Amino acid sequence: MKKIILKSMFILSTALLFSSCAAGLSGMMSDSASLSSNNFIYAKKNVQGMSQATYVLGFGGMKREAIVNEAKTKMLENNSLQNNQAIANLSVDFKYSSFLGIVNTVKCYVSADIVEFK
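Keep in mind it's a predicted model, so treat the numbers as computed, not measured. (Residues numbered from 1 in each chain as written. Predicted model: local features only at pLDDT ≥ 70, side-chain atom pairs only at ≥ 80, totals over all residues. Heavy atoms only, no water.)

Draft legend 1. Up close: the overall build of the protein. From N to C terminus, the protein includes 2 helices and 4 strands. In the protein, the succession of α and β elements from N to C terminus is α-β-β-α-β-β. The buried share among the 118 residues of the protein stands at 25%. Pairs at least 24 apart in sequence give 74% of the contacts found in the protein among residues at least 6 apart. When the accessible surface of the protein is summed, it comes to about 8400 Å², and 60% of that surface belongs to carbon and sulfur atoms. (Helix = DSSP H or I, 4+ residues; strand = E, 2+ residues; numbered from the N terminus. Buried < 20%, exposed > 50% of the residue type's maximum accessible area, 1.4 Å probe, protein only. Contact = heavy atoms within 4.5 Å. Areas by Shrake-Rupley, 256 points an atom, 1.4 Å probe, with all protein chains shown as cover.)

This is the structure:
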């Protein structure tokens, strides 16, 4: 009986040792300023904001739209827009990670360029 318990504990410990976080990435892009003519300059390139939500057994955290809005708000807090400036080349990326399927983390990265119109 002890051998079965010890063998089971060894197998469980080995499986736990070799398990790791899983990650998946997805993203989308949309333009927020029309850059069809040559009447602008890049004021800042690749400004970024990040937001994170953690879920335990599917509970907790925020909805997808709230995570994106928080990341965009953080991006604009650190890089406020001046007169004649707009956001361009907006990109939203998500990184999903999981630990044993119990604790899941979603990170949202919003990045953009700030352009200034002449």
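Read on, since the account is not over.
Draft legend 2. Structural context of the nonpolar core. Of all hydrophobic cores here, the largest spans 16 residues; its most connected members are M75, C108 and V110. Elements supplying a minimum of two residues to this core: β2 (40-56), α2 (64-78), β3 (85-99) and β4 (103-117). Broken down by element, this core gets its largest block of residues, 5 residues, from β4. Setting aside chain neighbours within four positions, we find C108 in contact with G49, M50, S51, I67, V68, A71, V92, D93 and F94. (Core = buried A, V, L, I, M, F, W, Y, C linked by side-chain atoms within 4.5 Å.)

Draft legend 3. Local environment of the pairing of β3. Sheet topology places β3 next to β4; 13 bridges connect them, and they run antiparallel. Counted as the bridge partner of F99 is V103 from β4. In sequence, β3 turns back onto β4 through a hairpin of 3 residues, with L100 there showing a positive phi of about 55°. (Pairing = 2+ DSSP bridges.)

Draft legend 4. The side chain of Q85, seen in detail. Assignment of secondary structure puts Q85 in strand β3. A relative accessible area of 18% places Q85 in the buried class. Among the polar contacts made by the side chain of Q85, one reaches the side chain of E116 at a distance of 3.3 Å. Those residues in contact with Q85, other than ones at most four positions away along the chain, are A43, S80, I114, V115 and E116. (Polar contact = N/O pair within 3.5 Å; in protein donor to acceptor, adjacent residues only side chain to side chain.)

Draft legend 5. Here's a closer look at the packing of aromatic side chains. Summed over the entire model, instances satisfying the criterion amount to 3 aromatic pairs. Pairing F40 with F117 gives two aromatic rings, centres 6.4 Å apart and planes at 65°, and the pair type is edge-to-face. With F40 in strand β2 and F117 in strand β4, the pair connects residues that are 77 residues apart, well separated along the chain. Exposure remark for F40: the relative accessible area of 14% places this residue in the buried category. On the basis of relative accessible area, F117 is assigned to the partly exposed category, the value being 23%. (Phe/Tyr/Trp six-rings, centres within 6.5 Å; stacked < 30°, edge-to-face > 60°.)

Draft legend 6. Just the pattern of salt bridges, in detail. Per the counting criterion, the structure on display carries 1 salt bridge. Here K74 ties to E70 by a salt bridge, and the two come within 3.3 Å at their closest N and O atoms. In this pair, K74 and E70 both sit in helix α2, 4 residues apart, roughly one turn of the helix. Looking at E70, the relative accessible area reads 28%, which means it is partly exposed. (Salt bridge = Lys/Arg side-chain N within 4 Å of Asp/Glu carboxyl O.)

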